[in-house]
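# Residue-level structural notes
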Protein chains: 2
Amino acid sequence: MTKNKLAAPLPDQDSGSPGDLAFLIAQVGSHSQISFGKRVVPLGLRLAHVGVLKAIFRTNRLTQRELGDTLGMFPSNLVRLIDELEQKGLVRRGHNASDRRSYTLLLTNKGQRMTSELIALTEAHGDRICAALNPLERRELTQLLRKIATGQGLQPGVHPELPGLKSRRATKARTL
Amino acid sequence: MTKNKLAAPLPDQDSGSPGDLAFLIAQVGSHSQISFGKRVVPLGLRLAHVGVLKAIFRTNRLTQRELGDTLGMFPSNLVRLIDELEQKGLVRRGHNASDRRSYTLLLTNKGQRMTSELIALTEAHGDRICAALNPLERRELTQLLRKIATGQGLQPGVHPELPGLKSRRATKARTL
DNA sequence: TATTGTTATACTCTATAACTATA
DNA sequence: TATAGTTATAGAGTATAACAATA
């Protein structure tokens, strides 16, 4: 039998201090990401796949190396990711006439349809996340977060992954 | 020699749609988390340690099981985390008179000093993250995010970890 | 019989180094 | 000699099952 001696009074904990705000940002952000990750599973994709598809969709004819630099991923890990997307028939490695070492990454037709579907899914997801906010509030939130993002030098469209804690590589990234 | 044929025009990408907002939230949130994680390394801690210390600090005399439920962690993984904190002399496993199977987790004096230091660090961190916002904007942002957080049913003070994608357990969590 | 903390282990993901084929 | 992609593998982190002590 659990005692459950309903412990200790709770100190206040979101007093509106900068620290609490930073935590709140991380908390809501993480929730948004996890929630989206779940929505994408029925399509047979993981979050990482989505990032790659989006990047290929936006910047056409990227090389694997360029894609890795842009997303801050290791080329070695990108290989399997692209392999998987290729096996699903979403991405194609096109041969490069001018440099036979490298491939250019292309979306197949199926890949383009998938990307469209992902965009729709993203909108639906965003709508649920922001359900508590009216249109004006959403615009305000967007502007506030954009200010932070540019202030912090974040690459638009690139989601920094967590384990990058160790040694995130210098990113000669191009802008997406 | 890299060709670097500065590829393809860039479609617009933060048009302010709900999907873009959800992405922006996740992006800024992830950045905040990574950045804080780096700041905590010099103290010899990882992000997970901080979460545990905070939780023990807030709710006194928790049991490992209770802590695990609250944070949504597996008891097995909590063991090593507590081991590490105990080895650093920050946490102590106190014996429980009424149930000799379980321990109650306590902060040592050193652990309390560390927690104070962490709180100061958190404030400094938040201040840097929000550097681009004036006090009024910070209050606005806090309120907007709080609306989302409560709307989404987020546990105050509990940061959902990413890999929970798989099968996050039903949390009989108590409130922190 | 059920529960707390633990151990051992499988699985996934990230990071590093070495190899090949081109340049 | 350097670079693109690949392979193999080390290293974290997360999840699951089984066990000893206690209830």
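Refer to the structure presented above.
Because the structure is predicted, anything quoted here is derived from the model rather than measured.

Attention now moves to the overall build of chain A. A count of helices and strands for chain A gives six helices and three strands. Shown N-terminal to C-terminal, the secondary structure of chain A runs as helices and strands in the order α-α-β-α-α-β-β-α-α. Here chain A, with 176 residues, has 48% of them falling under the buried criterion. Looking at chain A alone, contacts between residues at least 24 apart form 55% of all its contacts between residues at least 6 apart.

What follows deals with helix α5 (residues 109-129) of chain B. Spanning 21 residues, α5 of chain B covers 30 Å between terminal C-alpha atoms, matching the ideal 30 Å at 1.5 Å per step. Among all positions of α5 of chain B, only Gly111, Met114, Thr115, Leu118, Thr122, His125, Gly126 and Ile129 of chain B are buried. All buried residues of α5 of chain B fall inside an arc of 115° around its axis, so they share one side. Exposed residues pointing more than 90 degrees away from the buried face of α5 of chain B are listed as Asn109, Arg113 and Arg128 of chain B. Contacts from the buried residues of α5 of chain B go to α1 (18-40) and α6 (135-151) of chain A together with α1 (18-40), α2 (47-58) and β3 (103-107) of chain B.

It is worth spelling out the interface of chain B and chain A at this point. If you look at the interface, chain B gives 77 residues, while chain A gives 76 residues. Of the roughly 7,200 Å² buried where chain B meets chain A, counting both sides, 64% is carbon and sulfur surface. For the interface between chain B and chain A, the tally reads two salt bridges. In this structure, Glu137 of chain B and Lys147 of chain A form a salt bridge, with 2.3 Å as the shortest nitrogen-oxygen distance. Where chain B meets chain A, there are 22 residue pairs in polar contact (both at pLDDT 80 or more). The element that contributes the greatest number of residues to the side of chain B that touches chain A is α1 of chain B, accounting for 19 residues. Across the side of chain B that touches chain A, the residue classes break down as 31 nonpolar, 27 polar and 19 charged.

Moving on, we come to the sheet that holds strand β2 (residues 91-95) of chain B. Where strands meet in a sheet, backbone hydrogen bonds hold them as pairs that are either parallel or antiparallel. Residues and elements named next belong to chain B. Read across the open sheet, the three strands follow the order β1-β3-β2; overall the sheet is antiparallel. Each edge of the open sheet is held by one strand with a lone partner, namely β1 (62-63) and β2. Each of β2 and β3 is contacted by α2, which is oriented at about 100° to β3, the strand it contacts most.

Attention now goes to the relation of the copies chain B and chain A. Relative to chain A, chain B is turned by 180° and slid 0.0 Å along the rotation axis, the superposed coordinates differing by an RMSD of 0.0 Å. Accordingly, the operation relating the two chain copies is best matched by a two-fold axis. In terms of proximity to the rotation axis, the leading residue of chain B is Gly29 of chain B, whose C-alpha is 2.2 Å off the axis. Of the interface residues in chain B, 99% have counterparts in chain A that sit at the interface too, so the contact is made through matching surfaces.

Residues and elements named next belong to chain B. The contact between α1 and α5 brings their axes to 10 Å, and the two run at 140°. In terms of orientation, α1 and α5 fall into the oblique class. By crossing handedness, the relation of α1 to α5 is classed as right-handed. Of the residues in α5, those in contact with His31, Ser32, Ser35, Phe36, Arg39 and Val40 of α1 are Leu118, Leu121, Thr122, His125, Arg128 and Ile129. By residue class, the composition of the contact of α1 with α5 is five nonpolar, five polar and two charged.

With that settled, the discussion passes to the pattern of salt bridges. Residues and elements named next belong to chain A. In this structure the tally under the stated criterion is 14 salt bridges over all chains. Between Arg93 and Glu86 there is a salt bridge, with the nearest N and O atoms lying 3.2 Å from each other. For Arg93, a relative accessible area of 16% corresponds to the buried category. Of the residues examined, Glu86 reaches a relative accessible area of 31% and is grouped as partly exposed.

Formed by 26 residues in total, the largest nonpolar core has its most connected members in Leu141 of chain A together with Leu141 of chain B. Those elements that provide at least two residues to this core are α1 and α6 of chain A together with α1 and α6 (135-151) of chain B. Setting aside anything within four residues of it in sequence, one finds Leu141 of chain B in contact with Leu21, Ile25, Leu141, Leu144, Leu145 and Ile148 of chain A together with Leu133 of chain B. In terms of nonpolar packing, the next biggest core, distinct from the first, is built from 22 residues, Val50, Leu53, Leu90 and Leu118 of chain B among them.

The next point concerns unusual backbone geometry. At Arg61 of chain A, a position not held by glycine, the phi torsion is positive, near 60°. Its location among the elements puts Arg61 of chain A in the loop between α2 (47-58) and β1 (62-63).

Thresholds applied
Residues numbered from 1 in each chain as written. Chains lettered and ligands numbered in written order. Predicted model: local features only at pLDDT ≥ 70, side-chain atom pairs only at ≥ 80, totals over all residues. Heavy atoms only, no water. Helix = DSSP H or I, 4+ residues; strand = E, 2+ residues; numbered from the N terminus. Buried < 20%, exposed > 50% of the residue type's maximum accessible area, 1.4 Å probe, protein only. Contact = heavy atoms within 4.5 Å. Expected span 1.5 Å × (residues − 1). Arc of directions from axis to C-beta. Buried area = accessible area lost by both parts, 1.4 Å probe. Salt bridge = Lys/Arg side-chain N within 4 Å of Asp/Glu carboxyl O. Polar contact = N/O pair within 3.5 Å; in protein donor to acceptor, adjacent residues only side chain to side chain. Nonpolar A, V, L, I, M, F, W, Y, C, P; charged D, E, K, R; others polar. Pairing = 2+ DSSP bridges. Axes fitted to C-alpha atoms, helices over the stretch in contact; angles between N-to-C directions. Least-squares fit on C-alpha atoms with pLDDT ≥ 70 in both. Parallel < 35°, antiparallel > 145°, perpendicular 65-115°, else oblique. Left-handed = near helix turned anticlockwise from the far one by under 90°. Core = buried A, V, L, I, M, F, W, Y, C linked by side-chain atoms within 4.5 Å.

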